[in-house]
Amino acid sequence: MLKLIQLEMKKQKLGWYVRGAGIAIIIISFFMWLMPYAEDNGEPTFTSYADALSIGGLFVRAVFIVFGSVLLSRFIIDEYKTKTVSVMFTYPIARKKLIMAKMLLILFLILVTMIIATVIVSLVFLAVNSHYHFLPGKPDGTVLLHMGIQLFIQTLSAAGISLIPLYFGMRKKSVPTTIVSSVILMGLLSSSNKGYTLSSSVTIPLILGIIGFLVAYLSFRNVDKADIV
Amino acid sequence: MSYVVSTRQVSKIFKGKEVVSDVSMNIQRGQVYGLLGPNGAGKTTLMKMLLNLVKPTSGEIEMFGEKLMPGSVDLFKRIGSIIEYPIFYEKMTAKENLELHCEYMGFYNKHAILEALELVNLTSIDDKAVGDFSLGMKQRLGMARAIITKPELLILDEPINGLDPVGIKEFRSLLRMLSKEYRMTLLVSSHLLSEIEQVADTIGILQGGRFIREVSMNDMRSENTDYIEIVTPHCKKAAFILENQLGVSNFKIIGDTMVRVYESRWTQQELTKALVLNDVEIESLNHKHTSLEEYFMQQIGGGEKHA
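This structure is a prediction, so every number in the text was calculated from the model and none was measured.

Novice: Residue-level account of the overall build of chain B, with values.
Specialist: A tally of helices and strands in chain B yields 10 helices and 15 strands. Counting only C-alpha atoms, chain B reaches 75 × 45 × 40 Å along its principal axes. The buried share among the 307 residues of chain B stands at 37%. Across chain B, the fraction of contacts at a sequence separation of at least 24, relative to all contacts at a separation of at least 6, is 69%.

Novice: Any details on the environment of B:Glu294? Residues and values, ideally.
Specialist: Residue and element names in this part refer to chain B. Assignment of secondary structure puts Glu-294 in helix α10 (residues 292-299). When the 14 C-beta atoms within 10 Å are taken as the criterion, Glu-294 is described as partly exposed. The spatial distance from the C-alpha of Glu-294 to the C-alpha of Leu-193 is 9.5 Å, given a sequence separation of 101 residues.

Novice: Could you give me a rundown of the pairing of strand β10 (residues 202-207) of chain B, with the residues and numbers involved?
Specialist: Every regular strand shows the same layout, with side chains that alternate between the two sheet faces. Residues and elements named next belong to chain B. For β10, the buried fraction is high: 6 of the 6 residues fall into the buried class. Of the two faces of β10, the one lined by Thr-202, Gly-204 and Leu-206 and the one lined by Ile-203, Ile-205 and Gln-207 are each fully buried. In terms of strand pairing, strand β4 (residues 32-36) meets β10 through 4 bridges, oriented parallel. For Leu-36, the partnering residue across the bridge sits in β10 and is Ile-205. Inspection of the sheet shows β10 paired to strand β11 (residues 210-216) by 6 bridges, in the antiparallel sense. Paired with Gln-207 across the strands is Arg-210, a residue of β11.

Novice: For the interface of chain B and chain A, give the residues involved together with the corresponding values.
Specialist: Facing 19 residues of chain B, the contacting portion of chain A comprises 17 residues. A total of 4 residues in the side of chain B that touches chain A trace back to one element, the largest contributor, which is helix α2 (residues 94-105) of chain B. Of the residues in the side of chain B that touches chain A, the class split is 12 nonpolar, 3 polar and 4 charged.

Novice: Give me the lowdown on the pairing of strand β15 (residues 284-289) of chain B, citing residues and values where you can.
Specialist: All names here are of chain B. Counting buried positions along β15 yields 0 of 6 residues, so the element is predominantly exposed. Direction of pairing for strand β12 (residues 226-231) relative to β15: antiparallel, over a ladder of 6 bridges. Across the sheet, Val-231 pairs through a bridge with Ser-284, a residue of β15.

Novice: Can you lay out the environment of B:Val199 for me, pointing to particular residues and giving the numbers?
Specialist: Summarising the element assignment, B:Val199 is placed in helix α6 (residues 193-199). B:Val199 has contacts with B:Val32, B:Arg172, B:Leu175 and B:Arg176, leaving out every residue within four places of it along the chain.

Novice: Lay out unusual backbone geometry with the relevant residues and their values.
Specialist: All names here are of chain B. Within the chain, Gln-9 stands out as a residue other than glycine whose phi angle is a positive 45 degrees. By the element assignment, Gln-9 lies in strand β1 (residues 3-14). Assessed through the 13 C-beta atoms surrounding it within 10 Å, Gln-9 is described here as partly exposed. The phi dihedral of Asn-121 is positive, around 60 degrees, even though this residue is not glycine. Relative to the assigned elements, Asn-121 resides in the loop between α3 (110-119) and α4 (135-147). Asn-121 gets classed as partly exposed once you count the C-beta atoms within 10 Å, which come to 15.

Thresholds, definitions, all that
- Residues numbered from 1 in each chain as written.
- Chains lettered and ligands numbered in written order.
- Predicted model: local features only at pLDDT ≥ 70, side-chain atom pairs only at ≥ 80, totals over all residues.
- Helix = DSSP H or I, 4+ residues; strand = E, 2+ residues; numbered from the N terminus.
- Buried ≥ 20, exposed ≤ 12 C-beta atoms within 10 Å, placed from the backbone.
- Contact = placed C-beta atoms within 7 Å.
- Pairing = 2+ DSSP bridges.
- Nonpolar A, V, L, I, M, F, W, Y, C, P; charged D, E, K, R; others polar.

Laid out in structure tokens, this is it:
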């Protein structure tokens, strides 16, 4: 499996992804800097450190779910589009294994970039805050630790969720469908209703993450029987 | 005799349309098998079914004596193929594509890549991405990829497409070499009959999804394919003389001015003499043999039009 993942990396150069992710991280960090200035009727945007960091994490997850759909398009949908699957599927390797290797690679890439992005965005916010003092006082160590764990679990689940667009994309082997479904997914997950978002608890996102992985698996469950036309 | 490929009443229905129907094809080990048929006859679909890319709606396929199942993959170690047109990872160079292929095939021989490129005469390609290749070059590269692991069975779908005349000639000798020296079994499809004729041991003719005939080239050649063609304005008289004086029974009158004699008992000279002595005017008299093309046209019913 590791070998297959390596071969996938050979096929797709990942320079564009690293650049894109870098730019996204910069923009999100910049946003986090600007947000405190956008006061809502005198109410501050962020009420606490936990609040600020969880919003930063939400941004990161939302953005990288869309990135994930681009990876899915490149690694899986494009192989169908350019018909290279018809070469890939005449190798003495089970089709499910081939696609699983791709999925694991994507999951890994997304997870790692989400974690790096969350850490950078949080650090940038803390650094900016220590200069401008949007929030009173100093961050509490236990709050930070608690937030860190929560963010990590949420990121884990978001990485699983980011695979869901594959299900929609595979039905028509379409890149736009994959990306649009990820945007819709992102909207659903980050829409907030009086401060309560679907992703602010821990159990719901975790379940969603597992569902995400299963749904992605469903999308190629029948790949052995499928015709490659 | 063992069959490398054997299909039994294989059919494929796409969206209610039968693309391949009831095909029973047998390819013996070591043979060059030519699959002939006009465009849209189902050649590619049939080949895809052998490679498990398309699943038959009904019927059975046996490869190397084992039944092909939806999840069968091990057999692919023994097969090289080009289907439809050669497909590559276009942003990668030729060598990278071949290296990737070897990795997936589990084949590790560093010299094999250069060797294969030399075999198909594709050595001066530098580091160009495959996307910039011409169709002919891609076709050669596809061939290199198919033969790099020296598979037992080679499935080539329209491999001559896009090759120039020199390329076609090289290709022909390459096929012969693969068959004779490496003892590969080859399945080659084409609509270019004259090319198949020169390399195939057996041909299968496919039309409108139906398998019309499977015949060995030897049988076909001996199947009255040699004949003497007489062009004369006195067709009926000539026929009378042939039948009554010379005792020829196997001949055919074509149109008003042509008689074909399918018996080799009489030489051209003897026929000429007999006819001239009976005042039959002869415009020409030639020894001919049916080319595969004529045979093919006969089999698929000649003038039918194909889009």
